[in-house]
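Secondary and tertiary structure notes
Here is what each chain is made of, one letter per residue.
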Amino acid sequence: MIFDVLTIFPEIFDTVLGSSIIGRAQDAGLLKVTAHNIRDFSMDKHKKTDDSPYGGGNGLVMLAQPIYDAYISIVEKLEYKPYFIYMSPQGKRLDQQLVEQLAVHKHIIMLCGHYEGVDERILEEIVDEEVSIGDYVLTGGELPAMVLIDAISRTIPGVLSNEDSYSDESHKDGVLEYPQYTRPYEFRGTKVPDILLSGHHANIKKWRRLQSLKRTRERRPDLYGQLVLSNEDKKLLDKDRNDVLRE
Ligand code: 4H3
């Protein structure tokens, strides 16, 4: 999968996306992230990338021309059209379902805005979709772009190791993850739940499923309301309720 990012701060992508799992995936050729400096495409003698808004008001608006030319420099070599995303608080809110939907594209170009935003004509001309990572405003689209690249990348087969594969984790099937423990057995007076030391894999699986369901019910009633509980799930929750009542 290919990600091209249009930004006035290309250097911040190297460290974040060059480290850890995403960095390893890039080395392995599973994905490639390239940050392009919009400033390189400015026609202005001062390499300007922004100007004051028509109609007046505070702040600056990013110029259409350098963004458009940066875009053309990427697509002119291609015989297909990459999917173009503008990171924006006005976009569709990102969740795991949207991540998976976007992961079908083999090539995504992302535009990171600054200041008061970008000239509307760029959005009309080349943007396929606006995506927001949440209902808050940031000073630039770079952090959202990195969030989106990370979230999409870890759904690509081979990016995560088999052990922590993408298949059984929070939000994948609408429930939160169960609690995890590692050594030592006792930490500041709290022991690891006995079931996890029992070696009984079927019971451990049931216990984890129950913890996931209870956690989701407690912390994310909105997600819990959307769940379709299996008969097995209902049995686990019923048994747990009876156990609690008996205590
Ligand atoms: C995305 C971008 C929040 C998000 C962003 C988000 C700066 C967009 C500029 C940039 C515009 C003005 N803030 N929630 N900020 O995903 O280009 O908003």
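Reference entry: report on the structure contained in this document. Not measured: the values here are computed from a predicted model.

1. Examining the packing of helix H7 (residues 201–219) against helix H9 (residues 231–246)
Two elements in contact, H7 and H9, have axes whose closest approach is 10 Å; the angle formed by their N-to-C orientations is 80 degrees. It follows from the interaxial angle that H7 and H9 lie roughly perpendicular. Residues Lys 206, Arg 209, Leu 210, Leu 213, Lys 214 and Arg 217 of H7 form the contact with H9, whose own contacting residues are Glu 232, Asp 233, Leu 236, Leu 237 and Asp 240. Here the contact of H7 with H9 is built from residues that sort into four nonpolar, no polar and seven charged.

2. What about the site of the ligand?
Taken together, 18 residues are adjacent to the ligand, and Tyr 86, Gly 113, Ile 133, Gly 134 and Leu 138 come closest. In this structure, Ile 133 approaches the ligand through a main-chain N or O atom, which is 2.8 Å from an oxygen atom. Tyr 136 is positioned such that a nitrogen or oxygen atom in its backbone is 3.1 Å from a nitrogen atom of the ligand. Protein burial of the ligand: of its 420 Å² of free accessible surface, 93% is covered by the chains. With respect to the detected pockets, the ligand is housed in the second largest pocket. With four residues, strand E5 (residues 83–93) is the single largest residue contributor to the shell around the ligand. A per-class count over the shell around the ligand returns nine nonpolar, nine polar and no charged.

Reading the values: the criteria
- Residues numbered from 1 in each chain as written.
- Predicted model: local features only at pLDDT ≥ 70, side-chain atom pairs only at ≥ 80, totals over all residues.
- Heavy atoms only, no water.
- Axes fitted to C-alpha atoms, helices over the stretch in contact; angles between N-to-C directions.
- Helix = DSSP H or I, 4+ residues; strand = E, 2+ residues; numbered from the N terminus.
- Parallel < 35°, antiparallel > 145°, perpendicular 65-115°, else oblique.
- Contact = heavy atoms within 4.5 Å.
- Nonpolar A, V, L, I, M, F, W, Y, C, P; charged D, E, K, R; others polar.
- Near = heavy atom within 4 Å.
- Polar contact = N/O pair within 3.5 Å; in protein donor to acceptor, adjacent residues only side chain to side chain.
- Areas by Shrake-Rupley, 256 points an atom, 1.4 Å probe, with all protein chains shown as cover.
- 1 Å grid on protein atoms, 1.4 Å probe; cavity = no way out; pocket = protein on both sides within 12 Å on 5 of 7 lines; lining within 4 Å.
- Sits in = over half its atoms within 2 Å of the grid points.

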